[in-house]
Amino acid sequence: MNRHTKSILISLLKHKQISVTRSHFTYYPDKNVPAVLLSEGVQKMNMFQAINNAMDKALEEDNTALLFGEDVGFGGVFRCSINLRDKYGKDRVFNTPLCEQGIAGFAIGVANAGATAIAEIQFADYIFPAFDQIVNEAAKYRYRSGGIFDCGSLTFRVPCGAVGHGALYHSQSPEAYFAHTPGLKVVVPRGPLKAKGLLLACIKDKNPCIVFEPKTLYRAAVEDVPTGSYISEIGKADILRKGNDITLIGWGTQVHVLLEVAEMAKQQLNVDCEVVDLVSILPWDRETIVNSVKKTGRVIISHEAPLTQGFGSEIAAHIQEKCFLYLEAPIQRITGWDTPFPHVFEPFYLPNKLRCLSAIKEIINY
């Protein structure tokens, strides 16, 4: 905790003005739907409806596609697969035993046999029993067989991140674990429009993919979503707000925190922030990040996962290597703490707008 953050917290506690709201972000919808996607019309959807619509399209277009996971046949704990079993039948949309290792192993077998597997892991925190299957089997199948076999048509959907009351077993963000694994693709959507496009892109991609879905956005995020089938490019970051003074980098829910912080920085400090949604963790868009940092000379990376070995470390290392002579201040990382995810202290754990604004003041005055 830096000195500015500490002083803010002490002041708020003394005056009993600190908010312990469970919503640490303001949602900023994507307003500019690409014109090419508008031909079939748009519909207001929240994120779980957009995901449901994407899986509906995938099942409709590919008769080999199977959707399965714990309680998926009933709609899933977040209702993302609601009504799909009624539409496509229990042979294509079905429940599995409560066994993540079994779900992953079955999904690998389905994809290896030539079908399309869409597997739901109920919470990101539950993916660790399946870690060996995903990292040592799915990611390496093509390589170790010399290209004879693969399980390319394999997508894991994984609800992740803080939701306000999840605590240590329902709030983790494990994207960095999988980013260390060649052979996988890992993406994190920021809202309904991106969630549908990324999920369909992953389902069509001939590599095993993991879609980490920030579950607090399932109902909080509402946008105009094209009703047709479309894909969002994997490996391409989005510049959501242009600026010249500081580059703010995040993904998932944290993008919305950074967009609010950018507005606060402009109004309170006259600091012009560029906000970049990384979108894709593996592969990630080095070119967009490097170009932005060379322009601004300052960078803050923010994510919900703990500081040590979070994916922000990889981004910071690459920026230091490629942009060293352009940097006007040390790279800052504003993240979760190196502790298990707490329950009642969740508001203090998250990289909220106050912590991020404090980092902006520090990096500008360096």
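Our subject is the structure listed above.
Okay, so let's go over this structure. One numbering rule holds for all chains: residues counted from 1, following each sequence as written. In view of the model being predicted, local features appear only for residues whose pLDDT reaches at least 70, and side-chain atom pairs are presented and counted only at 80 or more, with totals across whole chains, interfaces and linings using the full set of residues. Values shown for side chains rest on all heavy atoms present in the structure; no hydrogens or waters enter the calculation.

1. Re the pattern of salt bridges
Whenever Lys or Arg places a side-chain nitrogen within 4 Å of a carboxyl oxygen from Asp or Glu, that contact is recorded as a salt bridge. Enumeration according to the criterion identifies 17 salt bridges in this entry. Here glutamate 61 ties to lysine 204 by a salt bridge, and the two come within 3.3 Å at their closest N and O atoms. Taken together, the residues glutamate 61 in helix H2 (residues 47–61) and lysine 204 in helix H8 (residues 192–204) connect sequence positions 143 residues apart. A salt bridge links arginine 190 to aspartate 277; its shortest N-O distance comes to 2.7 Å. Helix and strand assignments follow DSSP, with helices taken as H or I runs no shorter than four residues and strands as E runs no shorter than two, numbered in order from the N terminus.

2. Here's the deal with the nonpolar core
Within this scheme, the nonpolar core is defined by two criteria: the residues are buried Ala, Val, Leu, Ile, Met, Phe, Trp, Tyr or Cys, and they are joined through side-chain atoms within 4.5 Å. Only protein chains enter the accessibility calculation, which uses a 1.4 Å probe; a residue is then buried when its area is under 20% of its type maximum, exposed when over 50%, and partly exposed in between. With 55 residues, the main nonpolar core has Leu248 and Ile360 as its most contacted residues. At eight residues, the largest contribution of residues to this core is made by helix H10 (residues 254–269). In contact with leucine 248, other than residues within four places in its own chain, are Leu258, Ala262, Cys273, Glu274, Val275, Val276, Ile300 and Ile360. One finds Ile103, Ala119, Phe156 and Val158 within the second-largest nonpolar core, a separate group that totals 51 residues. Should any heavy atoms of two residues lie within 4.5 Å, those residues are considered in contact.

3. As for the pairing of strand E5 (residues 154–160)
Among the seven residues in E5, seven count as buried, and that is most of the element. When DSSP finds at least two bridges between two strands, those strands are taken to pair. Judged from the four bridges that link them, strand E4 (residues 116–120) and E5 form a sheet pairing that is parallel. Within E5, the residue paired with alanine 119 across the bridge is phenylalanine 156. Summarising the sheet, E5 and strand E7 (residues 209–214) pair through six bridges and their orientation is parallel. In the strand pairing of E7, valine 158 is matched with phenylalanine 212.

4. A look at helix H11 (residues 286–296)
The set of residues buried in H11 consists of Thr288, Ile289, Val290, Ser292, Val293 and Thr296. The secondary structure elements touched by the buried residues of H11 are strand E9 (238–241), strand E10 (246–250), strand E11 (273–277), strand E13 (299–306) and helix H12 (311–323). Looking one or two residues beyond H11, the residue adopting positive phi is glycine 297, at roughly 80 degrees.

5. Notes on the packing of aromatic side chains
In summary, the pairing rule links any two rings of Phe, Tyr or Trp, Trp by its six-membered ring, whose centres are within 6.5 Å, and it sorts them by plane angle into stacked for under 30 degrees, edge-to-face for over 60 and tilted for everything else. Using the criterion set out here, one finds 14 aromatic pairs in the structure. For the ring pair phenylalanine 78 and tyrosine 218, a centre distance of 5.0 Å and an interplane angle of 40 degrees mean the geometry is tilted. Highlighted residues: phenylalanine 78 in the loop between strand E2 (65–69) and helix H3 (84–88) and tyrosine 218 in helix H9 (residues 217–220), separated in sequence by 140 residues. By relative accessible area, phenylalanine 78 is classed as buried at 15%. Here tyrosine 218 falls in the buried class, since its relative accessible area comes to 1%. Where phenylalanine 131 meets phenylalanine 178, the ring centres are 5.1 Å apart and the plane angle is 55 degrees; that geometry is what we call tilted.

Interpretation note: all reported values are geometric properties and have no functional meaning in isolation.
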